[in-house]
Amino acid sequence: MTQKDKKGTPVAEKPTLMLPTTIMVRDLGEMLGLSHIDIIKELMKRGVMASVNQSVHFEVASSVATDLGYNVEQGEAPTATEEEAPAAVEGEVVEPEDEKSLQPRPPIVTVMGHVDHGKTSILDAIRETNVTAQEVGAITQHIGAYQVTVNDHVITLIDTPGHEAFTAMRARGASITDIAVLVVAADDGIMPQTKEAISHATAANVPIIVAINKIDLPAANADNVKQQLTQNNIIIEEFGGDVIAVPLSAKTREGLDDLLEHILLVAEVAELKANPDRPAEGAIVESRKHQSRGPLATVIVQKGTLRTGDIVIAGSSYGKVKAMFDENGQRVKEAGPSTPVEVMGLNKVPRAGDTFVVMDNEREARDLAESRGRAETEGTTHAVTLEAVSGDIAAGRVKDLNIVIKADTVGSIEAIRSSIERLSIDEVRVHVISTGTGNVSESDVMLATASRAIILGFTVKTDLGAKKKAEIEGVDIRLYDIIYVLIEDIDVAVKGLMEPVFQDVIDGHAEVRAMFKVRGGKISGCMVTDGLVRRNSLVRVLRDGVMIHESKVSSLRRFKDDVREVANGLECGIGVEGFDTFEEGDVIEAFHTEQKG
């Protein structure tokens, strides 16, 4: 039946497009009649970073197609490999793999813990144990990641500054860790940074192995550490849990072999595999600028094999791989799955945590890198707010509500946690990923960013650094003084009933310098002192800092011409709807409203 508009005029029906569960960017472009560069730009608007050879989930592809005028239906995937591809959450990039092409790969291990509990000592001891006397002198540089061989099996170790860096990598998409080793000093026990490391490792949903270090010291008490782990929801095997705890001493090397063997055991159970015969993908572990070699990036390859001469993009950086170096400073021509190498050839230093992919050509890589650079400059963030999550819950797009709790006392934390976890329903699970006493910190914000979580604070404040970080990353921090109000907000969000919150965004200010009579009243002769004023701006008229009128711009002119906007440093005439009693020195504040999240 032909569709008609309100006047009875026939309307052309939208074409129907069948899309599979996942679809490659290249194929989506062909179906929509667009170049893959255009498709990549459309995906970027939605916060999805994908190369031409990667695949995106149905929800993302459907959003692009719908905006381009198609009716979209979900159909069967056209190929067997796409049917075998794992389902992804909205916005996640997935890469279909043929099971026959997968081969075993080394585990990637991150070591975390309190600052002085011996993390670096353990890493150094492991490394020295694996290096022969002839090779010691060859270790000329530290590239942030290296490999060791244990019983003819390779282990890749990442030496990051701490759990904040580990979570910063996850926040930017680099979820590369297979196993987290948590270092706890036997003479010191669980410390605040240890608790944070536990939260970050647990939120990453990776297996944890506890290394109880410094057992050689007289004050060592491994049993006390085990009890404290239980109090922090880490139940070791000895107490009926599934977490391995290994007593050791980095100083005497006692227990080191046991730790490495357990890492191999956990890796064997996980059956870690990757396809080495495909374009490489991976993550930036750390980066720096060398005086003669230029930008250098330590990368770990996750899929495929990276080769000298490949064109790569990492965040808003791109370039041709001119040379690669291993942990001993030796040049290598290629690096397979789980292999760390230092790469030379990028146009600028990338951020740690950026993911990298091999592109078809340099022009394509440059265009995508420039688009990402513009997005970074504009500060494009996709905020995770309670209102936004509530809307996603109502639409059936979200099944988990992740929460970080900070409160003044342990008692308050337990009361809040038990109350909000009881709000879980069949459709939505409330998941408290971290708790702690004291003000909201930058570490809390990084954890919330990586886990797409909401931060709830009860009778605490937000550190200045955390507040700035939250604004940049788009993290929702909600502070409460009344516990039932906090619980009520979460209850409403879980039920998908929370109304969106709108916030004012200031566009600019203009100072009134003169008044002019026009037909029907007066307009103000102004100088824009910062930002800009648009023809459709909402405005407030401020006199001595006090708002005396609020409405919108009725006219905006430069000389005798109507204009769309006037920028900082330019003169203009501004008419304000419903107001004409301007005085010299008044300030017109232009703003617009945006939905929070």
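Residues numbered from 1 in each chain as written. Predicted model: local features only at pLDDT ≥ 70, side-chain atom pairs only at ≥ 80, totals over all residues. Heavy atoms only, no water.

Visitor: I would appreciate a short explanation of the overall build of the protein chain in the present structure.
Guide: The helix and strand tally for the protein chain stands at 16 helices and 34 strands. Within the protein chain, buried positions represent 48% of all 597 residues. By sequence separation, contacts in the protein chain at least 24 residues apart represent 71% of the contacts at least 6 residues apart. Summed over its atoms, the accessible surface of the protein chain is roughly 29,400 Å², and 47% of this surface lies on carbon and sulfur atoms. (Helix = DSSP H or I, 4+ residues; strand = E, 2+ residues; numbered from the N terminus. Buried < 20%, exposed > 50% of the residue type's maximum accessible area, 1.4 Å probe, protein only. Contact = heavy atoms within 4.5 Å. Areas by Shrake-Rupley, 256 points an atom, 1.4 Å probe, with all protein chains shown as cover.)

Visitor: How do you make sense of the side chain of S537 when you look at a structure like this?
Guide: As for its placement among the helices and strands, S537 is situated in the loop between β28 (521–534) and β29 (538–543). In this structure the side chain of S537 is engaged in a polar contact, spanning 2.9 Å, whose partner is the backbone nitrogen of R534. Excluding anything up to four places from it in sequence, S537 contacts D507, K552, V553, A590 and F591. (Polar contact = N/O pair within 3.5 Å; in protein donor to acceptor, adjacent residues only side chain to side chain.)

Visitor: Honestly, the nonpolar core in this entry has me stumped. Any pointers?
Guide: Buried together is how nonpolar side chains tend to be arranged in soluble globular proteins. Membership of the largest hydrophobic core comes to 28 residues, with the highest contact counts inside it found for I122, I155, L157, V181, I209, L259 and I263. Mapped onto this core, the elements with two or more residues apiece are β7 (108–113), α5 (119–129), β8 (145–150), β9 (153–158), β10 (179–185), β11 (208–213), β12 (244–247) and α10 (256–270). Counting residues per element, this core draws most heavily on α10, at seven residues. Among all residues touching I209, those that are not within four sequence positions of it are I179, A180, V181, L182, I244, V246, L259, H262, I263 and V266. Within the second largest apolar cluster, 26 residues are counted, among which are V60, Y70, V357 and L368. (Core = buried A, V, L, I, M, F, W, Y, C linked by side-chain atoms within 4.5 Å.)

Visitor: I keep staring at the sheet that holds strand β24 (residues 429–437) and nothing clicks. Help me out?
Guide: Strand pairing in a sheet relies on backbone hydrogen bonds. The paired strands run either parallel or antiparallel. Here we have four strands laid out as an open sheet, ordered β24-β23-β25-β26, and parallel in their pairing. Strands with a single pairing partner mark the edges of an open sheet, and in this sheet they are β24 and β26 (477–480). Strand-to-strand twist across the sheet, computed as the mean angle between neighbouring axes with direction ignored, equals 25°. By the bridge criterion, four bridges tie strand β25 (residues 453–458) to β26 in an arrangement that is parallel. The residue of β26 that forms the bridge with F458 is Y480. Helix α14 (residues 442–451) rests against β23 (400–407), β24, β25 and β26 of the sheet, and its axis sits at about 145° to β25. (Pairing = 2+ DSSP bridges. Axes fitted to C-alpha atoms, helices over the stretch in contact; angles between N-to-C directions.)

Visitor: Explain a negative patch on the surface here, please?
Guide: Residues D116, D187, D188, D216 and E254 make up a contiguous surface patch of negative charge. Within the element layout of this structure, E254 appears in the loop between β12 and α10. (Patch = residues over 30% accessible without salt bridge, like charges linked within 9 Å, V, L, I, M, F, W, Y side chains within 5 Å. Salt bridge = Lys/Arg side-chain N within 4 Å of Asp/Glu carboxyl O. Lys, Arg positive; Asp, Glu negative; His and termini not counted. Charge placed at Lys NZ, Arg CZ, Asp CG, Glu CD.)

Visitor: Is there a simple way to explain unusual backbone geometry in this structure?
Guide: In terms of backbone geometry, most residues other than glycine have negative phi values and most peptide bonds are trans. We note that N233 has phi near 65°; this positive angle belongs to a residue other than glycine. Positionally, N233 belongs in the loop between α9 (222–231) and β12. Phi is positive for R452, which is not a glycine, with a value near 50°. Here R452 lies in the loop between α14 and β25. By relative accessible area, R452 is classed as exposed at 51%.

Visitor: Any chance you could explain the sheet that holds β8 here in plain terms?
Guide: Ordered in space as β8-β9-β7-β10-β11-β12, the six strands form an open sheet in which the pairing is mixed. The two strands at the open ends of the sheet, each matched to only one other strand, are β8 and β12. When the angles between neighbouring strand axes are averaged without regard to direction, this sheet yields 30°. Note: β11 against β12, four bridges, orientation parallel. In the strand pairing of β12, V210 is matched with A245. Across the sheet, α9 is in contact with β10 and β11; its angle to β11 comes to roughly 150°.

Visitor: I'm lost on α9 in this one. Help?
Guide: Structurally, the α-helix is built with 3.6 residues per turn, so residues lying three or four positions apart point the same way. Regarding α9, the residues found buried are A222, V225, K226, Q228 and L229. Around the axis of α9, the buried residues are gathered within 165° of arc, so they sit on the same side. Turned more than 90 degrees away from the buried face of α9 sit D223 and Q231, all of them exposed. Where the residues of α9 are buried, they touch β10 and β11. Following α9 by one or two positions, N233 has its phi on the positive side, about 65°. (Arc of directions from axis to C-beta.)

Visitor: Sorry if this is basic, but what is going on with the pattern of salt bridges here?
Guide: Where charged atoms of side chains with opposite charge meet at close range, the side chains can pair. Scanning the entire structure with this criterion turns up 19 salt bridges. Salt-bridge contacts for E583 lead to R543; the nearest nitrogen and oxygen are separated by 3.5 Å. Separated by 40 residues along the polypeptide, E583 in the loop between β33 (571–576) and β34 (587–595) and R543 in strand β29 bring together distant segments of the chain. Among the residues examined, E583 registers a relative accessible area of 42% and is labelled partly exposed. One salt bridge connects D562 with R557, and the closest N-O pair in it is separated by 3.4 Å. The exposed category is assigned to D562, whose relative accessible area is 54%. Through salt bridges with shared partners, one network takes in D504, R540, E550 and E589.

Visitor: I tried to follow the pairing of strand β1 (residues 16–19) on my own but got confused; where do I start?
Guide: Moving residue by residue along a regular strand, the side chains alternate between the two faces of the sheet. What you see with β1 is a clean split: L17 and L19 sit on the buried side and T16 and M18 on the side with no burial. Pairing between β1 and strand β4 (residues 71–74): four bridges, direction parallel. Residue pairing for β4: M18 is matched across the bridge by E73.

Visitor: Honestly, the environment of R278 in this entry has me stumped. Any pointers?
Guide: Among the structural elements, R278 can be located in the loop between β13 (273–274) and β14 (281–290). A relative accessible area of 13% places R278 in the buried class. When the C-alpha positions of R278 and L306 are compared, they lie 9.0 Å apart, and in sequence the two are 28 residues distant.

Visitor: Can you walk me through the packing of aromatic side chains in this structure?
Guide: Any aromatic ring pair is given by two values, namely how distant the centres are and how the planes are angled relative to each other. For the structure on display, the rule yields one aromatic pair. Ring plane angle 85° and centroid distance 5.1 Å describe the contact between F579 and F582, whose orientation is recorded as edge-to-face. Its end group placed over the ring of F325, R293 keeps NZ or CZ at 4.0 Å from the ring centre. Here the guanidinium or amino end of R540 rests over the ring plane of F591, the centre of that ring lying 3.9 Å away. (Phe/Tyr/Trp six-rings, centres within 6.5 Å; stacked < 30°, edge-to-face > 60°. Lys NZ or Arg CZ within 6 Å of the ring centre and 35° of its normal.)

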